[in-house]
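Chain by chain, the residues:
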Amino acid sequence: MKQMKIEPLTRPDKIINYWKKEKTAVAFIIIFGIGYNTSAILGPIYQGKLIDALLRGDSLNEIAVLAVTFVLLIAAIQLTRYLKRFYTRRFANSTSATMRLMIYNNIMNKGFVDLQHENTGDLMTRALADVDLCVDGMRKFTTELFDTGVLMSAYFLTMLYYDVQITVIGALFIPVAMVIAEKLKNLIYQFSIDYRTKSSEITGMTYDFIDNAMLYRINGLEIKTQEKYDLELEDLQNKAIKASIFENSMQPIYNVVAMLGVIMVIYWGGSKVIAGSWTVGIFSTYMILFAALAAKVSNAAKLFNSVQKSRISWQRIKPYLTEYKTKNTALNIKKNHTTLNIENLTFAYPDAKENVIQNITMTAQQGEIIGITGAIASGKTTLGLALLGLYPYMGSIRLDNQELMDYSEYERSQMIAYLGHNPQLLSDTIYNNITLGSNEDITAVLRDVCFDTDLAAMPDGADTLVGNGGIRLSGGQQARIALARTLLNKRKIIILDDPFSAVDMQTEEKIITNLKEHYQDCLILLISHRLAIFSHIHRILFLHPDRTVEYGTHQELMEKSEIYAEIYNLQQLAGENNE
Ligand SMILES: Nc1ncnc2c1ncn2[C@@H]1O[C@H](COP(=O)(O)OP(=O)(O)OP(=O)(O)O)[C@@H](O)[C@H]1O
C-alpha cells in the first residue's frame, strides 16, 4: 500500500480544508458511502421477496436463486461498508497527523518571549488531546453523513414508493425528534464545555504536582496539595457525570419520539394487507425500513452531539493552526576573526517601563574572555539574552561588523552558543546529555570542564544515567556537563551565565585555564558573581544598580572602581578564610 505522506496545509484554520486535502480518501468515502447506503435498502426488499416466495409456495429452485441473490447482496453491501469505513479511518488518521504537524510547527516557531510564558510540553499535550477529540468528531460527521443522511434519504424514498400517505404521516414524528435534538444540543454543549475545561485544568495541575512533588513535600505542603487535588478530581467527576447524563439520556428520547409513527404504520399497513393491496412481504419490508429510519434519528442526534463536542476542541486548537513556517537555514556568516562592537546598547523588557540595560558600550574580540558582573538584578542575565538577539534592543550590537538583528535567527544560532542558569539535563546518559543525539567524541570537552576524573570514578563512564533533571549528579557535576554540552556545540561567541556557582574555586580556575588555551577561536562572555578568576581573564564589564557600567581590565577596575575593588578584596578574604 502507498506510504502516507503528511504535508503541511494552507489555511489550516479553515476546517473544510482538511476534507479538501484528503480528496482521494473523501472521493472513495463518497463512492462507497453512497454505494453501501443505497444498496442497503435492497436487503429488506429481497427479504420481503423471499417471504412472499415462501408464502406463495414458489418452486425450490426459484427460492434457492432468491436466497443466493440475497446472500450475495448482503456480502456486497458489507464489502462496500468495509471500504467506506477503511477510507473514513484513513481520512481521520491523515487529518490527525496534519493537525499535529501544524500545531508542532506553530509551537516550535513561537518566539522566545511567547515560549517563556507557556509551558511548551503541557501546551503540546493539551493540544494533542484536543486534536484527537476534534478528528473523532470529523470522522463521525463524515461517516454519519452517509450512514445517516444518505441512508435515511434512501429509506424514505423507497417508503414513498410503497405508499406516500403512510410514509408522510408516519414519518412526521421524525423531524419532531430531530428538532428536539437540535434544541438540546446547546445544553449538551454547555455541560461538555464545563467538563472539558475542568479536565484541561486538572491536566495542568497534574503536571505541576509531578514536577514539583519534591518541593511540596520538603515544604510540608504535600497533604494540602493532595487535598486540593482530590477536591478538583471530585469536581471533575461531577462534571463528567452531568455531561455524560445529558449526552446519553437524549438518545432514547429521540428514539421513542421517532418510533411513535410506527402505530400509524401498523394500523394502515395492516389494513392494506387485509385489503390485499400489500403482500405480507411488502408489509415486512416496509416495517423494517420504517424501524431502521426511526432508529437512524438517534444517529442523527448523535451526529449533532459529536459535532458539538468536536467544535469545542476545534475552537481550542484553532489558534495553533497557523500557516506552516519553514526556517530560513541559509548561512551567510563570516569565518574570519570574530569582533563584537556594542554601542549605546539600551534594553527594556516588553511592557516594562524601565530600562534594564542602559547605554552599554564595549568592544571585544576572538580569543578573549570577558567577565560580566554586578549587583543582584543589575541586568547581567538580561545582557546575555540581549546578546543572543532574542529581544529587540536600542543602540547597536555589531557582530563581525554586521548588526545582530540583520542576521537571521538561524544564523545567530550558528554564531552564538549560550549556557543559561539552569543545566537542563535530560533523563539520559552523560554522553547523550552532552551530544544531544549527535555522534561525537566528548573526550576533549570532558577534559576542558575537568569532568574526566569524575567520569573515571563512574562504573558506566559516559553511559552513566544522570536521572531526572540530573538528580543522580552533584550540582557541580550537572553544571559541568551542561558546560561541556555548550563547548561541544561551540560557536564564534560563547555566552556562559553563571556556570561556576556550584563549582569549587580550584576547579573553576582550571576550567578557565582550559578555556583560555583551547577556545582561542572563540570570544567567551562569562557572567559571574565570583570575581576571583577575573584577574585571569581579559576584561570585565561591571554593571551598577543605577544602570551605569564600567569596562576595563581587572587591574583598571581595581584602580578606578572602589566598589569593584571592595567586592574583589572581600571575596579574596572569604576565599582565604575558607581554605
Ligand atoms: N522576562 C522578564 N521580564 C521582565 N523583567 C525581567 C525579566 N527578566 C528579568 N527581569 C528584570 O530585569 C532586571 C534584571 O534581571 P537580570 O536577571 O538580568 O539580573 P541579574 O543581574 O542577572 O540578576 P542575578 O544576579 O540575580 O542573576 C530585574 O529587575 C528583573 O526583575
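Residues numbered from 1 in each chain as written. Predicted model: local features only at pLDDT ≥ 70, side-chain atom pairs only at ≥ 80, totals over all residues. Heavy atoms only, no water.

- Going by the annotation in an unreviewed UniProt entry, the name recorded for the chain is ABC transporter type 1, transmembrane domain, with Syntrophomonas zehnderi OL-4 given as the source organism.
- We quote the UniProt Subcellular location (unreviewed entry) comment for the chain here in full: "Cell membrane". (UniProt positions renumbered as here; feature names shortened; annotations may be inferred.)

Examining the sheet that holds strand S8 (residues 523–527)
So, point 1. The six strands are arranged S6-S7-S8-S3-S9-S10 in an open sheet whose pairing can be described as mixed. Each edge of the sheet is formed by a strand with only one pairing partner; in this case those strands are strand S6 (416–419) and strand S10 (549–552). Across the sheet, the axes of successive neighbouring strands diverge by a mean angle of 15°, strand direction being ignored.
So, point 2. By the bridge criterion, five bridges tie strand S7 (residues 493–497) to S8 in an arrangement that is parallel. Note that in S8 the partner of Ile493 across the bridge is Leu523.
So, point 3. Packing against the sheet, helix H18 (residues 475–488) makes contact with S6 and S7, and its axis sits at approximately 175° to S6.
So, point 4. Against the sheet, helix H19 (residues 505–518) makes contact with strand S3 (369–374), S7 and S8, and its axis sits at roughly 140° relative to S3, the strand it touches most. (Pairing = 2+ DSSP bridges. Helix = DSSP H or I, 4+ residues; strand = E, 2+ residues; numbered from the N terminus. Axes fitted to C-alpha atoms, helices over the stretch in contact; angles between N-to-C directions. Contact = heavy atoms within 4.5 Å.)

Re empty space enclosed by the protein
So, point 1. Taken as a whole, this structure holds two cavities of 30 Å³ or more when the rule is applied.
So, point 2. Within this model, the largest cavity holds a volume of roughly 40 Å³.
So, point 3. In terms of residues, the lining of the largest cavity owes the most to one element, strand S2 (residues 357–365), which gives three residues.
So, point 4. Across the lining of the largest cavity, the residue classes tally to five nonpolar, four polar and one charged.
So, point 5. In this structure, the second largest cavity spans a volume of roughly 30 Å³.
So, point 6. Leu340, Leu387, Leu399, Leu404, Ile416, Ile493, Ile495 and Leu525 are the residues that line the second largest cavity. (1 Å grid on protein atoms, 1.4 Å probe; cavity = no way out; pocket = protein on both sides within 12 Å on 5 of 7 lines; lining within 4 Å. Points joined across faces, edges and corners; volume = space filled by probe spheres on them. Nonpolar A, V, L, I, M, F, W, Y, C, P; charged D, E, K, R; others polar.)

Side note on the site of the ligand
So, point 1. Close contacts around the ligand come from Tyr349, Val356, Ala375, Ile376, Ala377, Ser378, Gly379, Lys380, Thr381, Thr382, His421 and His529, and that covers them all.
So, point 2. Between the ligand and Ser378, the relevant distance is 3.1 Å, taken from an oxygen atom to a main-chain nitrogen or oxygen of the residue.
So, point 3. Coverage of the ligand by the protein chains reaches 60% of its 630 Å² of free accessible surface.
So, point 4. Of the residues belonging to the shell around the ligand, the class tally is five nonpolar, six polar and one charged. (Near = heavy atom within 4 Å. Polar contact = N/O pair within 3.5 Å; in protein donor to acceptor, adjacent residues only side chain to side chain. Areas by Shrake-Rupley, 256 points an atom, 1.4 Å probe, with all protein chains shown as cover.)

Examining the sheet that holds strand S4 (residues 394–399)
So, point 1. Spatial ordering of the open sheet is given by S2-S1-S4-S5, a layout of four strands whose pairing is antiparallel. Each of the sheet's edge strands pairs with one partner strand only, and the pair in question is S2 and strand S5 (402–403).
So, point 2. Of the pairings in the sheet, the one linking strand S1 (residues 339–347) to S4 comprises five bridges and is antiparallel in character. Bridge pairing in S4 links Thr346 to Met394.
So, point 3. Relative to S2, helix H13 (residues 380–387) is tilted by about 65°, and along the sheet it contacts S1, S2 and S4.

Quick word on the packing of aromatic side chains
So, point 1. Taken as a whole and assessed by the stated rule, the structure comprises 17 aromatic pairs.
So, point 2. Each residue in the set Phe28, Phe32, Tyr82, Phe86 and Tyr87 is aromatic and connected to the rest through ring pairs, giving one cluster. (Phe/Tyr/Trp six-rings, centres within 6.5 Å; stacked < 30°, edge-to-face > 60°.)

As for the side chain of Asp130
So, point 1. Mapped onto the elements of the fold, Asp130 is located in helix H6 (residues 120–162).
So, point 2. Take Asp130: its relative accessible area is 5%, and that puts it in the buried class.
So, point 3. Contact partners of Asp130, with chain neighbours within four places excluded, come to Ser313, Arg316 and Ile317. (Buried < 20%, exposed > 50% of the residue type's maximum accessible area, 1.4 Å probe, protein only.)

Observations concerning the environment of Ser59
So, point 1. Along the polypeptide, Ser59 turns up in the loop between helix H3 (42–56) and helix H4 (60–108).
So, point 2. For Ser59, a relative accessible area of 37% puts it in the partly exposed group.
So, point 3. Along the primary structure Ser59 and Glu182 are separated by 123 residues, whereas in three dimensions their C-alpha atoms are 51 Å apart.

A word on the packing of helix H2 (residues 23–40) against H4
So, point 1. Two numbers describe how H2 lies on H4: the axes approach to 8 Å, and their chain directions differ by 150°. Here H2 is positioned roughly antiparallel relative to H4, judged by the angle of their axes. Taken as a pair, H2 and H4 cross one another with a handedness that is left-handed. Facing H2, whose interface residues are Ala25, Val26, Phe28, Ile29, Phe32, Gly33, Gly35, Tyr36, Ser39 and Ala40, H4 presents Ile77, Thr80, Arg81, Leu83, Lys84, Tyr87, Thr88 and Phe91.
So, point 2. Classifying every residue of the contact of H2 with H4 gives eleven nonpolar, five polar and two charged. (Parallel < 35°, antiparallel > 145°, perpendicular 65-115°, else oblique. Left-handed = near helix turned anticlockwise from the far one by under 90°.)

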